[in-house]
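What follows is the residue order along each chain.
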Amino acid sequence: MAEYKWPDADKRTLIGKRISRVDGPAKVSGKAKYSYDINPPGMLWGKMVRCPHPHAKITAIDTSAAEKMPGVKAVQIVQGVGAEISWMGASIVGVAAVDEPTAIDAARAIKVTYEKLPHMALDTDPKLAGEFAKPANANTAGDPDKAFSEADTVVEGFYGLTMITHCCLESHGSVMEWTDDKSVLAHLSTQAVSGSASNIARPLEIPAGNVTVKQDHVGGGFGSKFGPDDWDITAARLSKKAGGKPVKMFNERDAELMVAGARPSAYARVKVAVKKDGTLTGWQSDSWASGGLGGGGSPPLPYIFNIPNQKKQHTAIVNHVGPQRAWRAPGHPQGCLITMSALEDAAAAIKMDPLDFLLKNMDLAGARAEVYRDEFKIAADLIGWKKNWHERGDKTPGPIKRGLGLSCHTWGGGGHPSDCDLVVQPDGSIELKMATQDLGTGTRTTLMIVVADSLGLPLEAVKLSIGDSRLPASGGSGGSTTIAGVSSSARRASLDALDLIFAKAAPALDAKPEELEAVGGTVRVKNNPSKSMSWAQACAKLGAMPITVRGKNPGPGNLGSQGVGGVQMADVSVDVETGIIKINKIVAVQDCGLIIDLKTAESQVYGALIMGVSYALYEEKITDARNGRMLNPNMEFYKLAGIGDIGELVVHMMTGKGYDERGVIGLGEPPVVSPGAVISNAVANAIGVRVGTLPLTPDRVLAAIEKKGGNNARI
Amino acid sequence: MRAFEYASPTTKEQAVSLLGSNWADADILAGGTDLLALMKDDVVTPKRLVNIKDIKELRGISIGSVRGLRIGALVTIQELADHPQVREAFPVISKTAGEIAGPQIRNMGTIGGNLCQRPRCWYYRAGFGLLAKDESGESLVPSGDNRYHAILGNSGPAYFVSPSTLAPLFIALGATVRLFGPKGKREIPVEKFFVVPQSETDREHDLKPNEIVTEIVVPPLAGVKSASYEVRQKEAMDWPLAFASVALTISGGKVSAARIVMGHVAPVPWRSKEAEAALVGKAITEETAKAAGDAAVTGAKSLSGNGYKIQLAKVAVKRAILEAAKGGAK
Amino acid sequence: MHDDDDDVKEKESGWSRRSFLKASGISLSVPLVMGHRVIKVAGAEVKMYGPGKVALALTVNGKKYAAEVEPRVTLLEALRGDLDLTGSKRVCDRATCGACTVIVDGKPAYSCSVLAIEAQGKAITTVEGLMQGEKLHPIQQAFIDNDAQQCGFCTPGFVVACKAFLDKNPNPTPEQVQHGLGGNLCRCGTYVGVRAAVMQAAKGGQKNGRV
């Protein structure tokens with residue numbers, strides 16, 4: 001029986017090395033097929049008629065003109081007369097036609113009339129939200145009143161983040177096809193290949209096993225692609241009406257930004273109680289958030305630092321601005337920005353270096369406190385904190401002010417349930433099969449590394465099949481759960497396969513199975529490498545039949561874990577005459593247990609920093625309060641950082657002793673948590689006042705400077 | 001996009017004959033970077049597109065010491081930025097053009113199209129019309145989200161900002177635009193080419209539905225010091241929040257003549273006589289440049305959410321003046 | 001519209017609706033028009049295409065393709081749909097993000113904002129045209145070496161934009177790289193890798209940066 005653990009550092013041939021992603025050649029050459037790229041013969045184009053109002057009731061639908069148009073093959077009402085619509089862009093009627101122009105013309109020919117209903121689009125103040133504000137009960141811990149009355153200093157502040165969207169470059173959608181009367185083939189753009197089949201089958205009233213979901217590559221998800229969505233089901237219904245022909249239906253960019261997911265906003269008025277020596281003693285927050293009909297959830301406050309005495313009140317604001325979806329590390333960027341800004345303001349108020357301030361209170365961080373201390377030390381060296389930090393307000397003459405900021409964050413990242421089949425052929429060829437998906441995080445690469453390293457083979461020896469729901473089930477890729485789940489499952493399967501092979505090969509090597517190891521393409525006796533046979537020779541001992549070994553997660557042994565800490569520091573310049581912020585440098589120091597592929601792991605962190613620059617400085621889902629219309633459903637005014645906007649980025653991964661033995665932990669979420677806070681703190685350090693709300697646009701920066709830190713003209 | 005018929009004439013006479021007497025009849029396709037987006041969004045729905053890119057006489061750049069710089073309407077922004085003689089004789093044009101949008105836009109977009117591009121106002125782009133009126137006939141802008149809208153010339157009915165960054169520069173440099181229509185040629189100062197529409201049927205250009213821009217003529221710089229300054233949040237693919245171009249004649253250490261024009265602050269490129277007056281007769285210093293910047297926003301009015309742009313416009317003017325005084329764009 | 005202009009007259013062209021229908025034996029009710037009209041304006045004959053489908057010839061990656069699309073179909077849509085060259089991606093579809101970048105007559109262009117009909121007669125290079133047989137272009141190899149890709153949806157457009165950039169700037173400075181690649185957006189955040197990849201490709205494959 002194998003012992004389920006990762007190889008020791010000196011035995012790792014691929015694990016932890018810098019390996020280029022295995023699907024790189026397909027992606028750089030344009031050969032990689034995303035679901036949006038699937039063009040089966042006879043395919044029809046689907047288009048969706050969408051609601052132009054934020055809140056309305058449908059009073060009439062007339063599809064007759066569209067149905068009569070040449071080339072139109074099917075019309076499907078998604079929400080019928082009498083339905084109440086709760087956001088602009090909601091799906092009303094789908095059409096399918098022989099080509100895209102015809103489908104566009106048909107969608108335009110469909111007439112829907114509405115009775116407008118009262119809507120809420122504001123989220124800036126619960127008092128303005130009236131009946132749409134849903135306050136929760138207050139939450140108290142310790143004795144906050146005493147803490148505030150006995151504090152040396154009480155620091156008050158207002159902090160917030162507007163709603164942003166996921167803006168996946170491949171929009172949400174699918175190509176749906178009935179392969180027979182009861183079976184659907186779904187080329188879906190998804191973060192959850194396995195889980196989507198049953199969700200497609202249910203509304204179509206067919207057995208879940210009759211739905212095949214396929215996806216080779218996905219152009220971004222970030223938490224928003226756990227569909228299927230109503231447009232996918234509509235595409236399947238249109239296909240059915242059109243005799244089973246494939247129907248391609250992908251969101252236009254405007255719909256993608258309006259309805260395919262958004263990160264809830266969050267705002268809070270915060271009071272922090274501190275002692276002269278920097279000891280944190282009290283936290284009070286009055287927070288609110290919006291994110292669609294459910295309102296916005298309460299962010300984790302205070303974040304990381306479990307301040308002993310707390311009083312918290314949260315209000316959810318129900319609004320009609322489209323549905324919220326999980327956005328990379330749900331709740332954490334909000335909790336982090338609010339908390340780390342408040343703590344930095346508290347440090348500034350008592351004229352303490354915020355690095356010293358956080359380190360002084362580090363024990364409040366609980367289990368990961370030591371890791372944060374180590375990481376802060378490394379980050380401080382990388383950015384030159386002690387040399388470059390100054391008290392609030394850069395005194396350098398001229399309009400350009402420079403400042404430093406810091407933050408820390410946490411995330412779970414435990415592995416999701418994941419099955420795999422490892423097939424070993426008598427000729428030694430191997431294939432790993434798993435219905436997971438590679439979001440660009442490097443899942444393919446890491447799976448091949450795990451199997452190859454475990455079996456002592458080169459990477460190229462592993463054939464990998466993922467992205468098909470008929471393969472062994474594996475969890476959706478969300479919450480940084482993939483890497484720990486899939487790598488643990490693949491490792492267990494590999495070790496079990498070795499057990500079977502060793503048992504067959506051992507007699508020929510005149511050894512016991514447990515004395516064997518698979519190294520460098522051979523199966524050999526440990527401590528006596530001269531007694532060896534090639535991998536293929538060993539596999540030939542299996543006989544004529546291949547073996548299939550099922551790997552599972554969770555399973556025996558501790559191959560994965562959860563709970564990481566990371567710290568970041570930013571160096572920014574602010575033009576105080578224009579309010580424009582430039583990133584000079586951001587440093588990220590991150591742990592994630594045992595790293596399978598250092599190159600793609602670093603890419604996750606670089607990417608998170610860049611996404612963070614984007615939401616800290618540019619991104620905002622802007623809605624006109626009067627008509628509920630998203631004003632920037634495009635990539636022109638829904639601004640993303642470009643290659644010239646990100647400054648110098650430095651990533652340091654915590655590896656080796658103290659980290660590797662924890663096992664594999666997910667990395668997708670944690671590094672995207674802190675960038676908003678580090679940039680906001682660096683700006684405050686540069687200009688001497690807090691800009692309360694992200695994104696830190698010139699209007700907000702100038703307003704903060706003008707009001708010397710008071711509330712902004714427009715939050 | 002709606003269906004249309006398409007022709008690609010080879011002479012300007014053919015082109016204008018193919019255009020209609022109403023804007024809804026036909027539209028002119030050149031770089032396509034703006035027009036096709038407008039058509040995809042159903043903001044404009046021409047029944048015919050006239051591709052003018054095959055009209056060779058609309059191409060080319062020429063420079064003469066007396067006539068100055070002649071830029072064919074089809075010259076791309078990148079061609080203008082890269083042209084060696086333009087770099088030499090009109091470095092400010094080269095530099096300003098080279099900062100527009102991103103490489104693909106600069107390689108596709110034409111000079112004529114840069115002047116004729118339509119406003120980026122998000123109410124206009126969402127189908128509320130150029131004047132952004134709601135069902136009751138009121139403009140959505142003054143009490144809406146107007147963070148990118150006009151701070152000058154914004155008493156209505158138009159509140160959008162003129163999107164071109166070359167137009168303010170051309171106006172500062174005293175350029176003219178040549179047009180061609182069924183009745184032949186006409187030539188007007190670039191300054192007069194931009195007008196404030198008074199109704200939904202008006203356009204923001206003095207251009208008839210069957211006219212085309214054929215070329216821009218910039219007089220020789222003749223010792224004029226010129227620079228542009230753009231306040232822009234992102235390094236690329238972002239619109240200016242405020243923009244200024246200045247052209248200064250300096251003699252005896254003092255400004256003897258000045259032309260100061262702002263972009264992205266008003267429905268037209270906004271020439272500020274106040275700023276010019278504030279600068280003439282003065283030596284250029286941080287203080288006089290700042291005073292001119294302050295004067296440039298005379299009459300500026302904040303809508304509900306764009307007051308910050310008044311500050312940005314001041315800074316753009318100040319910095320453009322200081323840049324010009326240093327010798328202008330290199 | 002213009003059909004009542006007094007100098008406009010219509011006649012059938014060589015590749016006309018009538019001859020097409022005659023040749024194909026299709027009944028007149030089929031809404032297919034593969035030809036163009038010729039109208040006389042300003043003393044010359046001008047071909048008028050559409051609004052129905054017209055026959056196009058496109059030269060992509062050195063190969064000639066035929067397609068039948070309406071004039072309103074963009075080059076991007078024709079590449080992806082009619083030619084099944086799906087490397088170029090549709091993302092913003094409004095000349096902002098660069099995922100559809102192709103090279104047209106040597107210059108980088110957003111294929112979402114070029115009509116297929118106007119791209120006729122031009123040399124079009126898409127990401128599919130960069131490989132030499134099975135061998136990756138040095139820029140493509142540099143993207144892999146420096147992990148300049150995550151989800152990969154922006155990658156083909158970025159690779160093509162880099163190709164056009166390096167053709168024009170074979171020895172770029174880091175500042176030129178940032179300015180010259182400003183027309184492409186990435187959501188996963190691969191710019192650090194892209195910067196390193198461009199410099200590697202510029203140095204003839206010499207590895208640096210994120211390798």
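Another point: the overall build of chain B. Within chain B, the regular secondary structure consists of 13 helices and twelve strands. Relative to a compact globule of 330 residues, whose C-alpha radius of gyration would be 20 Å, chain B shows 19 Å and is just as compact. When its C-alpha atoms are laid out on the principal axes, chain B stretches across 60 × 50 × 35 Å. Each of the 330 residues in chain B was classed as buried or not, and the buried ones make up 62%. Look at the contacts in chain B between residues 6 or more apart in sequence, and 65% of them connect residues 24 or more apart.

The subject of this paragraph is the overall build of chain C. Looking only at helices and strands, one finds six helices and eight strands in chain C. For chain C, the proportion of its 211 residues judged to be buried stands at 57%. Restricting to contacts in chain C with at least 6 residues of sequence separation, those with at least 24 account for 53%.

Let us now look at the interface of chain C and chain A. Across the contact, 50 residues belong to chain C and 46 residues belong to chain A. When contributions to the side of chain C that touches chain A are tallied by element, the ones reaching two or more residues are α2 (75–82), α3 (138–145), α4 (155–168), α5 (174–180) and α6 (191–202) of chain C. Element by element, the count of residues in the side of chain C that touches chain A is highest for α6 of chain C, at five residues. Within the side of chain C that touches chain A, the residues separate by chemical class into 22 nonpolar, 16 polar and twelve charged.

Below, the discussion takes up the sheet that holds strand β8 (residues 212–218) of chain B. All names here are of chain B. Spatially, the five strands line up as an open sheet ordered β4-β5-β8-β6-β7, and their pairing is antiparallel. Both outer strands of the open sheet, β4 (61–64) and β7 (184–189), are each paired with one neighbouring strand and no more. Neighbour to neighbour, the strand axes of the sheet diverge by 20° on average, direction disregarded.

What follows deals with the interface of chain C and chain B. Across the contact, 36 residues belong to chain C and 33 residues belong to chain B. Residue assignment for the side of chain C that touches chain B shows that the elements contributing at least two residues are β3 (44–49), β7 (107–110), α4 and α5 of chain C. Looking at the side of chain C that touches chain B element by element, the count peaks at five residues for β3 of chain C. Broken down by class, the residue content of the side of chain C that touches chain B amounts to 18 nonpolar, eleven polar and seven charged. When strand β1 (residues 5–7) of chain B meets β3 of chain C, the two strands line up antiparallel, connected through two bridges. Looking across to β3 of chain C, one finds that Ala 7 of chain B is bridged to Met 48 of chain C.

Here we take up the pairing of strand β24 (residues 522–525) of chain A. Residues and elements named next belong to chain A. Relative to β24, strand β23 (residues 516–519) runs antiparallel, the two being bridged by four bridges. Paired with Leu 516 across the two strands is Val 525, which belongs to β24. The loop that links β23 with its antiparallel partner β24 comprises two residues; one of these, Gly 520, has a positive phi angle of about 55°. Here β24 pairs with strand β25 (residues 528–534) via four bridges, running antiparallel. Each bridged residue has a counterpart across the sheet, and for Arg 524 the counterpart in β25 is Ser 532. Count of turn residues in the β24/β25 antiparallel hairpin: two residues, of which Asn 527 carries a positive phi of about 70°.

Turning our eyes to something else, we now look at the environment of Val 161 of chain B. All names here are of chain B. Within the secondary structure, Val 161 sits in the loop between α8 (122–128) and α9 (166–172). Residue classification places Val 161 among the buried positions, given that 32 C-beta atoms sit within 10 Å. Once you skip the residues sitting within four places of it in the chain, Val 161 turns out to touch Pro 119, Tyr 148, His 149, Ala 150, His 264, Val 265, Ala 266 and Pro 267.

This next bit is on the packing of α3 of chain C against α4 of chain C. Residue and element names in this part refer to chain C. Direction vectors running N to C along α3 and α4 enclose 125°, while the axes themselves pass 10 Å from each other. By the angle between their directions, the pair α3 and α4 is classed as oblique. As for the relative orientation of α3 and α4, their crossing is right-handed in sense. Contacts from Ile 139, Gln 140 and Phe 143 in α3 reach Thr 155, Val 159, Cys 162, Lys 163 and Leu 166 in α4. For the contact of α3 with α4, the class distribution of residues is five nonpolar, two polar and one charged.

Residues and elements named next belong to chain C. Mean pLDDT over chain C works out to 86, with 82% of the residues at or above the 70 mark. Below pLDDT 50 for its whole length, residues 1–31 participates in 40 contacts with residues either more than four positions away or in separate chains. The ipTM assigned to the predicted complex is 0.97, against a pTM of 0.96.

On to the pairing of strand β16 (residues 266–274) of chain A. Along any regular strand, the residues point their side chains to alternate faces of the sheet. Residue and element names in this part refer to chain A. When you tally the buried positions in β16, you get seven out of nine residues, the bulk of the element. Bridging between strand β9 (residues 153–161) and β16 involves nine bridges; their strand directions are antiparallel. Residue pairing in the sheet places Leu 161 in a bridge with Ala 266 of β16. From the end of β16 to the start of strand β17 (residues 280–290), which pair antiparallel, there are five residues, and Gly 278 there has a positive phi angle of about 100°.

Below, the discussion takes up the sheet that holds β24 of chain A. Sheets are built from strands that pair by backbone hydrogen bonding, the pairs being arranged parallel or antiparallel. Residue and element names in this part refer to chain A. If you trace the three strands from one edge of the open sheet to the other, you get β23-β24-β25, paired in antiparallel fashion. Each of the sheet's edge strands pairs with one partner strand only, and the pair in question is β23 and β25. Taking each pair of neighbouring strands and ignoring which way they run, the sheet shows an average axis angle of 35°.

Following Gly 227 of chain A, the chain continues into Pro 228 of chain A via a peptide bond in cis, with omega recorded as 10°. For Pro 228 of chain A, the position within the fold is in the loop between β13 (211–214) and α7 (230–241). In this structure, the amide linkage connecting Leu 301 of chain A to the following residue, Pro 302 of chain A, adopts the cis form with an omega of -15°. Structurally, Pro 302 of chain A is set in the loop between β17 and β18 (309–317). A positive phi angle, near 60°, is found at Asp 42 of chain B, a position not held by glycine. Position of Asp 42 of chain B among the secondary structure elements: in the loop between α2 (35–40) and β3 (48–51). Judged by the 12 C-beta atoms lying within 10 Å of it, Asp 42 of chain B is exposed. At Met 237 of chain B, a residue that is not glycine, the phi angle is positive and equals roughly 50°. Examined against the element boundaries, Met 237 of chain B turns out to sit in the loop between β9 (225–231) and β10 (242–251).

Our focus in this paragraph is the environment of Ala 247 of chain B. Residue and element names in this part refer to chain B. By the element assignment, Ala 247 lies in strand β10. Between the C-alpha atoms of Ala 247 and Leu 173, which are 74 residues apart in sequence, the distance is 6.2 Å. The contacts of Ala 247, once residues within four sequence positions are left out, are Ala 172, Leu 173, Val 224, Ser 226 and Arg 259.

This next bit is on helix α13 (residues 308–325) of chain B. Taking 1.5 Å of rise per residue, 18 residues should cover 26 Å, and α13 of chain B covers 26 Å from first to last C-alpha, within 8% of that figure. Downstream of α13 of chain B by one or two residues, Gly 327 of chain B has phi in the positive range, about 120°.

Moving on, we get to the packing of helix α12 (residues 286–296) of chain B against α13 of chain B. Residues and elements named next belong to chain B. Two elements in contact, α12 and α13, have axes whose closest approach is 8 Å; the angle formed by their N-to-C orientations is 140°. Considering the angle they form, α12 stands oblique to α13. Classified by chirality, the crossing of α13 by α12 is right-handed. Contacts from Ala 289, Lys 290, Ala 292, Gly 293, Asp 294 and Ala 296 in α12 reach Ala 313, Lys 314, Val 315, Val 317, Lys 318, Ile 321 and Leu 322 in α13. When the residues that make up the contact of α12 with α13 are grouped by side-chain class, the tally is eight nonpolar, one polar and four charged.

Relative to the elements of secondary structure, Thr 578 of chain A occurs in the loop between β27 (564–575) and β28 (580–591). Using a count of 22 C-beta atoms within 10 Å as the deciding quantity, one classes Thr 578 of chain A as buried. Through-space distance from the C-alpha of Thr 578 of chain A to that of Pro 399 of chain A is 8.7 Å; in sequence the pair is 179 residues apart. Excluding residues within four positions of it along the chain, Thr 578 of chain A makes contact with Pro 698 of chain A together with Val 231, Leu 312 and Val 315 of chain B.

Residues and elements named next belong to chain A. Spanning twelve residues, helix α6 (residues 193–204) covers 18 Å between terminal C-alpha atoms, matching the ideal 16 Å at 1.5 Å per step. Those residues of α6 that are buried are in contact with β12 (183–188), β13 and α7. Trailing α6 by a residue or two, Glu 205 shows a phi angle of about 55°, which is positive.

Parameters and conventions
- Residues numbered from 1 in each chain as written.
- Chains lettered and ligands numbered in written order.
- Predicted model: local features only at pLDDT ≥ 70, side-chain atom pairs only at ≥ 80, totals over all residues.
- Helix = DSSP H or I, 4+ residues; strand = E, 2+ residues; numbered from the N terminus.
- Rg over C-alpha atoms; globule rule 2.2 N^0.38 Å.
- Buried ≥ 20, exposed ≤ 12 C-beta atoms within 10 Å, placed from the backbone.
- Contact = placed C-beta atoms within 7 Å.
- Nonpolar A, V, L, I, M, F, W, Y, C, P; charged D, E, K, R; others polar.
- Pairing = 2+ DSSP bridges.
- Axes fitted to C-alpha atoms, helices over the stretch in contact; angles between N-to-C directions.
- Parallel < 35°, antiparallel > 145°, perpendicular 65-115°, else oblique.
- Left-handed = near helix turned anticlockwise from the far one by under 90°.
- pLDDT = per-residue confidence, 0-100.
- Expected span 1.5 Å × (residues − 1).

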